[in-house]
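Listed here are the chains, written in short residue letters.
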Amino acid sequence: MECKDILNLIAIIVIPIAAVLIGQHLQNRAEIRKDKMQIFKTLMTSRIYGWTREGVHYLNIIDIVFADDKTVRDAWKDLYDKYCVQNPDEAQLKKIQNAQYKLLETMAKSLGYKDKVTWETIQNPYVPNGMIKQWQEQSASQQAYNTLLNTMANIVPKEQKNTEGQE
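Computed from a prediction, not measured in an experiment: that's the story for all the values here.

Asks: What is the right way to read the nonpolar core from this model?
Replies: Of all hydrophobic cores here, the largest spans 24 residues; its most connected members are I39, F40, L43, I62, L103 and M107. Mapped by element, the contributors of at least two residues to this core are α1 (3-49), α2 (53-59), α3 (62-65), α4 (70-83) and α5 (90-110). Ranked by the residues each element gives to this core, the list is headed by α5, at seven residues. Among all residues touching L43, those that are not within four sequence positions of it are G55, L59, I62, L103, L104 and M107.

Asks: What exactly am I supposed to notice about the packing of aromatic side chains here?
Replies: Each aromatic ring pair is described using two quantities: the centre-to-centre distance and the angle formed by the ring planes. Overall, the coordinates contain five aromatic pairs when judged by the stated rule. Seen in terms of ring centroids, Y49 and W135 are 6.0 Å apart; in terms of plane orientation they differ by 70°. Their pairing is edge-to-face. Separated by 86 residues along the polypeptide, Y49 in helix α1 and W135 in helix α7 (residues 129-166) bring together distant segments of the chain. The class for Y49 is partly exposed, based on a relative accessible area of 43%. Ring centres of Y101 and W119 lie 6.0 Å apart, and the angle between their planes is 90°; this geometry places the pair in the edge-to-face category. Remark: W119 occurs in helix α6 (residues 119-123) and Y101 occurs in helix α5; sequence separation between them is 18 residues. When its relative accessible area of 30% is taken as the criterion, W119 is described as partly exposed.

Asks: Is there a simple way to explain the packing of α1 against α5 in this structure?
Replies: When two helices pack together, their arrangement is captured by the angle between the axes and the distance separating the axes. Between α1 and α5, whose axes approach to 10 Å, the crossing angle comes to 150°. Here α1 lies roughly antiparallel to α5, going by the angle between them. The two elements α1 and α5 meet at a crossing, and its hand is left-handed. Across the interface between the two elements, I39, F40, L43, M44 and R47 of α1 pack against Y101, L103, L104, M107 and A108 of α5. In terms of residue class, the contact of α1 with α5 is built from nine nonpolar, no polar and one charged.

Asks: Whenever I open this one, a nonpolar patch on the surface confuses me. Can you help?
Replies: Among the surface-exposed residues, I6, L7, L9, I10, I12, I13, V14, I17 and L21 lie close enough to one another that they form a single nonpolar patch of about 860 Å² accessible area. One can find I13 in helix α1. Owing to a relative accessible area of 48%, I13 belongs among the partly exposed residues under this scheme.

What counts and how
Residues numbered from 1 in each chain as written. Predicted model: local features only at pLDDT ≥ 70, side-chain atom pairs only at ≥ 80, totals over all residues. Heavy atoms only, no water. Core = buried A, V, L, I, M, F, W, Y, C linked by side-chain atoms within 4.5 Å. Buried < 20%, exposed > 50% of the residue type's maximum accessible area, 1.4 Å probe, protein only. Helix = DSSP H or I, 4+ residues; strand = E, 2+ residues; numbered from the N terminus. Contact = heavy atoms within 4.5 Å. Phe/Tyr/Trp six-rings, centres within 6.5 Å; stacked < 30°, edge-to-face > 60°. Axes fitted to C-alpha atoms, helices over the stretch in contact; angles between N-to-C directions. Parallel < 35°, antiparallel > 145°, perpendicular 65-115°, else oblique. Left-handed = near helix turned anticlockwise from the far one by under 90°. Nonpolar A, V, L, I, M, F, W, Y, C, P; charged D, E, K, R; others polar. Patch = residues over 30% accessible without salt bridge, like charges linked within 9 Å, V, L, I, M, F, W, Y side chains within 5 Å. Areas by Shrake-Rupley, 256 points an atom, 1.4 Å probe, with all protein chains shown as cover. Salt bridge = Lys/Arg side-chain N within 4 Å of Asp/Glu carboxyl O.

Everything listed here is a matter of coordinates, which is why it stays silent on function.
This is the structure in structure tokens:
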């Protein structure tokens, strides 16, 4: 067997294996980036809604998905520490909000959006006035419903006591 034949044989064996390994590596990277983007998009959207089940879910997997990015994990740890404050006052709530924005800014940089997603962009989500009005109406309706239930709960025991005492 000649040297040329040996090289051809090696090439026939090595090239497909290398192609599979490189393809798998690229696919893994793409999947991780997709997961990072999903977290980022969900948290950007959650800015306007406050707590959502999906937002909390994604906060809890930041350490896994961004395992290779210490700056994102550090920003998440800072936010988590601020979330752990019991009964936060206005100043602490502002610190929490700033830490949320900082986490989003750090994620944007990590994902390559350094100049596209700015601090100002993060701080100013779009919320239409009609949506705000709808939230306020919903809140007022919920409050009225709760007041009605509390009033009924206070009336029913009094009526039961009155009828029990008459027997």
